[in-house]
Amino acid sequence: MKPIDWNSLGFAFLDTNCHIRYVWKDGAWSDGELVESPYLNIHIAATALHYGQAAFEGLKAFRRKDGNVSLFRPQENAKRMAMTARRTCMAEVPEAMFVDACKRVVKANLDYVPPYGTGGSLYVRPLLIGSGAQIGVAPADEYTFIVLVTPVGPYYKGGLQAVKALVLDDYDRAAPQGTGHVKVAGNYAVSLYPHMQAQKAGYPVELYLDAKEHKWIDEFSTSNFLAITKDGTYVTVKSPSILPSITNMSLQQIAKDLGIPVESRPIAFEEISEFAEVAACGTAVVITPVYQVERAGKVYKTGPETGCGPVLEKLYQAVQGIQYGQQPDTHGWNVDVD
Ligand code: PLP
Ligand code: COI
């Protein structure tokens, strides 16, 4: 193992000991094997390559204060991947197998879980693909389920540093009855071009509006939208075309625990500058404050330019506190890997 500078990890792939791999054939999953090589030998007519039968998940393993390593709510990722599998006609991964796969691969890569106190974690990336050959447009007869891991730090440079977001009215992410609510690989392929446009304009993140009216806020390309109103309510988006974020779900529970009122409802874009604090939330981005949003050349202020607003800060400390074992895990969200 090459030495790793734990304190300067970003969000990039680093090779580890192994990944875990299962194959579904004739109606059953194999037992799963740990594979050292990071390469996959795949049929040239696999449906994942041609017809986008590909789904992924993202969760993290944390080294806690007591030295143990735990996964954060892996059952929820299992449920969401099953939902994606159903929407894309892929073989479902049973929840117990999914959680076991995550535990096994983390255990085989414990050296890569960043030490407690560095702020890093081991990113766990389950992937489900149609690996069977099919030239007509139809579901594959073979599927491959992989869980790979890689140590990560903050997704955007600077950790809990605020970013600015851009609305690109020429691009949509997901239609109301499309696939925005599931984690299909193609959702991310279509986000790359607008993402490059946003980056060119100096924005690390894009905010999507609903595809039908361009009136309502949907979400960011890799995370949900959340805001704190001036009277201290946690508001988040209710829309048929956004991914149900496990981080957002957890933060809503934490907010309730802290006595913060929570609202999940359609949010019109015109409300944007009325909020006291705005953030992106997700596994990779955790809580990333958004200090301004630009749309059609107009800039809307959405929070302090440096650092983080007080309510977001409180939520961030609370969720990280549970994940790193600094606070009691009252909801039983941490799943030990052994
Ligand atoms: N929205 C999108 C489009 C995402 O890709 C993600 C990341 O998984 C999220 C939201 C956040 O979901 P979660 O909190 O489950 O990671
Ligand atoms: C995650 O937060 O886990 C994601 O999947 C978002 C992104 C890195 C694609």
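Residues numbered from 1 in each chain as written. Chains lettered and ligands numbered in written order. Predicted model: local features only at pLDDT ≥ 70, side-chain atom pairs only at ≥ 80, totals over all residues. Heavy atoms only, no water.

Chemist: If you had to explain the overall build of the protein to someone new, which residues and values would you point to?
Modeler: Tallying secondary structure elements over the protein gives six helices and 18 strands in all. Rg of the C-alpha trace for the protein: 20 Å, near the compact-globule value of 20 Å for 338 residues, within the 12% margin. Taking the principal axes of the C-alpha coordinates as reference, the protein spans close to 55 × 50 × 35 Å. The buried share of the protein, reckoned over its 338 residues, is 52%. Looking at the protein alone, contacts between residues at least 24 apart form 72% of all its contacts between residues at least 6 apart. Just so you have it, the protein exposes about 15000 Å², and 52% of that area is on carbon and sulfur atoms. Distance between charge centres in the protein, computed from 31 positive and 36 negative side chains, equals 2 Å. (Helix = DSSP H or I, 4+ residues; strand = E, 2+ residues; numbered from the N terminus. Rg over C-alpha atoms; globule rule 2.2 N^0.38 Å. Buried < 20%, exposed > 50% of the residue type's maximum accessible area, 1.4 Å probe, protein only. Contact = heavy atoms within 4.5 Å. Areas by Shrake-Rupley, 256 points an atom, 1.4 Å probe, with all protein chains shown as cover. Lys, Arg positive; Asp, Glu negative; His and termini not counted. Charge placed at Lys NZ, Arg CZ, Asp CG, Glu CD.)

Chemist: With reference to specific residues and values, describe the domain arrangement of the protein.
Modeler: Taken domain by domain, the protein comprises domain 1 (6-152) and domain 2 (163-323). On a C-alpha basis, the centroid separation for the pair domain 1 and domain 2 is 25 Å. In this complex, domain 1 contributes 22 residues to the contact, which on the side of domain 2 involves 22 residues. Where domain 1 packs against domain 2, one counts zero salt bridges. (Domains from an automatic or database assignment. Salt bridge = Lys/Arg side-chain N within 4 Å of Asp/Glu carboxyl O.)

Chemist: Give a detailed account of the side chain of Thr150, specifying residues and quantitative values.
Modeler: With respect to the secondary-structure elements, Thr150 resides in strand β8 (residues 142-152). Of note is the side chain of Thr150, whose polar atom sits 2.7 Å from the backbone nitrogen of Leu14. If near-sequence neighbours (up to four positions away) are discounted, Thr150 is found in contact with Ala12, Phe13, Leu14, Thr16, Ser121, Leu122 and Tyr123. (Polar contact = N/O pair within 3.5 Å; in protein donor to acceptor, adjacent residues only side chain to side chain.)

Chemist: Can you lay out the site of ligand 1 for me, pointing to particular residues and giving the numbers?
Modeler: Around ligand 1 sit 17 residues, and of these Tyr188, Glu219, Ser245, Thr247 and Thr283 come closest. Within the side chain of Thr283, one N or O atom sits 2.6 Å away from an oxygen atom of ligand 1. According to the grid-proximity analysis, the pocket containing ligand 1 is the largest pocket. For the shell around ligand 1, the elements supplying multiple residues, two or more each, are β11 (217-220), β12 (223-228), α5 (246-257) and β15 (277-282). (Near = heavy atom within 4 Å. 1 Å grid on protein atoms, 1.4 Å probe; cavity = no way out; pocket = protein on both sides within 12 Å on 5 of 7 lines; lining within 4 Å. Sits in = over half its atoms within 2 Å of the grid points.)

Chemist: Got a sec to walk through the packing of helix α2 (residues 74-87) against helix α3 (residues 95-107)? Specific residues and values, please.
Modeler: With their axes 9 Å apart at the nearest point, α2 and α3 run at an angle of 125° to one another. With respect to α3, the element α2 is oriented oblique. The interaxial crossing formed by α2 with α3 has right-handed handedness. Of α3, the residues touching α2 (which contributes Pro74, Gln75, Asn77, Ala78, Lys79 and Met81) are Glu95, Phe98 and Val99. (Axes fitted to C-alpha atoms, helices over the stretch in contact; angles between N-to-C directions. Parallel < 35°, antiparallel > 145°, perpendicular 65-115°, else oblique. Left-handed = near helix turned anticlockwise from the far one by under 90°.)

Chemist: Go over the site of ligand 2 with me, naming the residues and quoting the values.
Modeler: Every residue close to ligand 2 is listed here: Phe11, Phe56, Gly58, Tyr123, Arg125, Tyr155, Lys183, Tyr188, Thr222, Thr283 and Ala284. A distance of 2.8 Å separates an oxygen atom of ligand 2 from a polar backbone atom of Ala284. Within the complex, the protein chains bury 90% of what would otherwise be the 280 Å² of accessible surface of ligand 2. With respect to the detected pockets, ligand 2 is housed in the largest pocket. A breakdown of the residues in the shell around ligand 2 according to their chemical character gives six nonpolar, three polar and two charged. (Nonpolar A, V, L, I, M, F, W, Y, C, P; charged D, E, K, R; others polar.)

Chemist: Which residues make up the layout of surface pockets, and what values go with them?
Modeler: Where empty space is left can be seen by rolling a probe of water-molecule size over the atoms. Considered as a void within the structure, the largest pocket measures approximately 640 Å³ in volume. Around the largest pocket, the lining comprises 31 residues; the ones closest to its centre are Tyr155, Tyr188, Ser221, Thr222 and Ala284. At the level of elements, β7 (121-130), α4 (185-200), β11, β12, α5 and β15 are the ones that each hand at least two residues to the lining of the largest pocket. Top contributing element to the lining of the largest pocket by residue count: α4, with five residues. (Points joined across faces, edges and corners; volume = space filled by probe spheres on them.)

Chemist: An account of α3 is needed here, citing residue identities and associated values.
Modeler: Residues three or four positions apart in an α-helix share a direction because the helix packs 3.6 residues into each turn. With 13 residues, α3 extends 18 Å between its outermost C-alpha atoms, agreeing within 8% with the 18 Å of an ideal straight helix rising 1.5 Å per residue. All of the buried residues along α3 are Met97, Phe98, Val99, Ala101, Cys102, Val105 and Val106. (Expected span 1.5 Å × (residues − 1).)

Chemist: Residues and numbers for the pairing of strand β9 (residues 163-167), please.
Modeler: Counting buried positions along β9 yields four of five residues, so the element is predominantly enclosed. As paired strands, β9 and strand β10 (residues 205-209) are joined by three bridges and run parallel to one another. In the strand pairing of β10, Ala165 is matched with Val205. Tracing the backbone out of β9, into α4 and back to the parallel element β10 gives a crossover that is right-handed. (Pairing = 2+ DSSP bridges. Right-handed = clockwise from strand over helix to strand, strands pointing away.)

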